[in-house]
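Inside the fold
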Amino acid sequence: MRYSIVVPAWNEAAFIGTSLVRIRLAMEGVEGHVGDLIVVDNNSSDATAEIAREEGATVVFEPVNRIARARNAGAREASGDALVFVDADSWCSSELLRAALDRIAGGRVVGGGSTIAPDRPITGAARRGLDFWNRIGTTMKLAAGCFVYCRRDAFEAVGGFSEKVYAGEEIYLSRALKRWARRNGGLTFEIIEEAPVTTSVRKLDWYSPLQLARQAALVFVPGALRSKTLCRTWYDTESRRVK
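Residues numbered from 1 in each chain as written. Predicted model: local features only at pLDDT ≥ 70, side-chain atom pairs only at ≥ 80, totals over all residues. Heavy atoms only, no water.

All right, on to the pattern of salt bridges then. Going through the model one piece at a time under the given rule, you end up with 12 salt bridges. With a shortest N-O distance of 3.3 Å, D89 and R202 are connected by a salt bridge. Of this pair, D89 sits in the loop between strand 4 (82-86) and strand 5 (90-91) while R202 sits in the loop between strand 8 (188-199) and helix 8 (203-206), and the two are 113 residues apart along the sequence. For the pair formed by D89 and R202, the shared burial category is buried. In this structure, the salt-bridge partner of E156 is R152, at a minimum N-O distance of 2.9 Å. One end of the pair is E156 and the other is R152, both in helix 6 (residues 152-157) and 4 residues apart, which spans about a single turn. Under the relative-accessibility criterion, E156 is labelled exposed at 51%. Given the relative accessible area of 17%, R152 is considered buried. Shared partners join several salt bridges into a network, and the residues in it are E12, D89 and R202. (Salt bridge = Lys/Arg side-chain N within 4 Å of Asp/Glu carboxyl O. Helix = DSSP H or I, 4+ residues; strand = E, 2+ residues; numbered from the N terminus. Buried < 20%, exposed > 50% of the residue type's maximum accessible area, 1.4 Å probe, protein only.)

Right, let's get into the nonpolar core. Core analysis: the biggest nonpolar cluster contains 40 residues, and I5, V7, L97 and F147 have the highest contact counts within it. Among the elements that line this core, the one with the most residues is helix 4 (residues 94-105), at 6 residues. Setting aside its immediate chain neighbours within four residues, V7 contacts I16, L20, I23, L37, I38, V39, V40, V86, D87 and A88. In this structure, A70, L83, V148 and F161 belong to the second largest nonpolar core, which totals 25 residues. (Core = buried A, V, L, I, M, F, W, Y, C linked by side-chain atoms within 4.5 Å. Contact = heavy atoms within 4.5 Å.)

What follows deals with the side chain of S44. Its place among the elements puts S44 in the loop between strand 2 (34-41) and helix 2 (48-54). Assessed through its relative accessible area of 16%, S44 is described here as buried. A distance of 2.9 Å separates a polar side-chain atom of S44 from the backbone nitrogen of N11. A polar side-chain atom of S44 sits 2.8 Å from a polar atom in the side chain of D41. (Polar contact = N/O pair within 3.5 Å; in protein donor to acceptor, adjacent residues only side chain to side chain.)

Purely geometric numbers; function is a separate question.
Pasting the structure below:
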């Protein structure tokens, strides 16, 4: 099966090189599937695009700084029958990538996500918060944005990621794909637990656990995700972080 990995990136020069190297290693460790790697430069002002090209990725430009638009722009350029979305500060292992692709190739899974592992040890409220999300995600079958996989035909049928929101677009997509799956042969939406995606916990250096918890709670507040101001922690760089 042919697949495409889409990495949305805005001012990610500090992380994108390392992430792409690790994603490439994961791709090389997966047999039986052929993939390509796309980075969407979401109007970066740093060297994100140049670094991505140096690492051999196809670079697509999306001028409007909204992550759903960046994800959708990458999907439009993708050639794969399966789409895998990985955040620019995250990476998947070959075990996780293989598990996702094998599920789709098997014909009974429309897509899904994975549990999350931090890129460095965390304790206290941060650890509890991550564990809580992993429980919510696996119980409610909701993909975290740092790793989403799905069939391309289903993605296109539901209209891709909602561009009406500034964050939480993966939650909207999860729900849309589950509805599509039920209408099309009772397919399943699966969260992979045996091989978590690794993601940066750098925002713990920028914000308190309480600030991050408040932002995460916006997913459950009607209309809140349509406000870029309310979703500011998803759009702040380190130099613009909220104190």
